[in-house]
Amino acid sequence: KMKMQNVKFQSVAEFLAFLPHDELEVVEFLRQLIYDCIPDVSEKLAYNVPYFKRHKNICFIWPASVLWGKQKTYEGVRMGFTSGHLLTDETGYLNMDGRKFVGWRDFKSIEEIEVELLQAFIYEAVVVDEELARKRN
């Protein structure tokens, strides 16, 4: 049975307008970072949050106020990688929390974002996306 969500957005703009200020700041910062790293990325809503793809989904931004289920399960904004299990992460920066594929990190403020580290993950995720696309062809 599908988990019900607390919202249904028609567009990214509608999604952004819904967010509380503290989450919005972090979301805008992360979106800009993703666009800077992947100029040809496309953004679309899935599960009422923005997913970013080239061949397949590469990463997503999931603010805590957009619920999955009935209640908030974390604070701030989650930046996730759909193929997190394929990224080089010696320090365990990304949280897998028992998931097979998705890895993520939560940020309560822009100050918490380690920009260069996150950029490295984004660039590697693009390479992984390319490799997976090549294998399919």
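First, a word on what this report is: a plain description of the structure on this page. (Residues numbered from 1 in each chain as written. Predicted model: local features only at pLDDT ≥ 70, side-chain atom pairs only at ≥ 80, totals over all residues. Heavy atoms only, no water.)

What follows is about the nonpolar core. By size, the foremost hydrophobic cluster in this structure holds 40 residues, and its most contacted members are L30, I34, M79, F81 and L118. Elements supplying a minimum of two residues to this core: α1 (12–18), α2 (21–37), β2 (49–53), β3 (57–63), β4 (77–81) and α3 (115–136). Discounting chain neighbours no more than four positions away, the residues touching L118 are L30, L33, M79, F81, Y93, F107 and I113. (Core = buried A, V, L, I, M, F, W, Y, C linked by side-chain atoms within 4.5 Å. Buried < 20%, exposed > 50% of the residue type's maximum accessible area, 1.4 Å probe, protein only. Helix = DSSP H or I, 4+ residues; strand = E, 2+ residues; numbered from the N terminus. Contact = heavy atoms within 4.5 Å.)

Okay, the pairing of strand β1 (residues 42–46) next. Where β1 and β2 come together, five bridges link them in antiparallel fashion. Along β2, the bridge assignment pairs S42 with K53. What sits between the antiparallel neighbours β1 and β2 is a turn of two residues, in which Y47 has the positive phi angle 55°. (Pairing = 2+ DSSP bridges.)

The geometry of α2 relative to α3 is characterised by a closest axis approach of 10 Å and an angle of 50° between their N-to-C directions. Compared by their axis directions, α2 and α3 come out oblique. Crossing geometry of α2 relative to α3 is assigned as right-handed. Judged by residue contacts, F29, L30, L33, I34 and C37 of α2 engage V115, L118, Q119, I122 and Y123 from α3. (Axes fitted to C-alpha atoms, helices over the stretch in contact; angles between N-to-C directions. Parallel < 35°, antiparallel > 145°, perpendicular 65-115°, else oblique. Left-handed = near helix turned anticlockwise from the far one by under 90°.)

With six of its seven residues buried, β3 lies for the most part within the structure. Across three bridges, β2 lies against β3 in antiparallel orientation. Across the sheet, Y51 pairs through a bridge with F60, a residue of β3. Adjacent in sequence and paired antiparallel, β2 and β3 are bridged by three residues. Sheet topology note: the β3/β4 ladder contains five bridges and is antiparallel. Each bridged residue has a counterpart across the sheet, and for C59 the counterpart in β4 is F81.

All told, the structure shown has eleven aromatic pairs when counted by the stated rule. Their ring planes at 85° and their centres at 6.1 Å tell us that Y35 and F52 sit as a pair that is edge-to-face. Linking Y35 in helix α2 with F52 in strand β2, this pair joins segments that are 17 residues apart in sequence. By relative accessible area, F52 is classed as buried at 0%. Relative to W68, the ring of Y47 has its centre 5.5 Å away and its plane inclined at 90°; by these criteria the two rings are edge-to-face. Residue Y47 is located in the loop between β1 and β2, and its partner W68 is located in the loop between β3 and β4; the two are separated by 21 residues in the primary sequence. What makes Y47 partly exposed here is its relative accessible area of 44%. According to the relative accessible area criterion, W68 is partly exposed, its value standing at 34%. Put simply, the rings of Y47, Y51, F60, W62 and W68 touch in pairs and so form one group of aromatic residues. Sitting over the ring of Y74, R78 keeps its end group 3.8 Å from the ring centre. (Phe/Tyr/Trp six-rings, centres within 6.5 Å; stacked < 30°, edge-to-face > 60°. Lys NZ or Arg CZ within 6 Å of the ring centre and 35° of its normal.)

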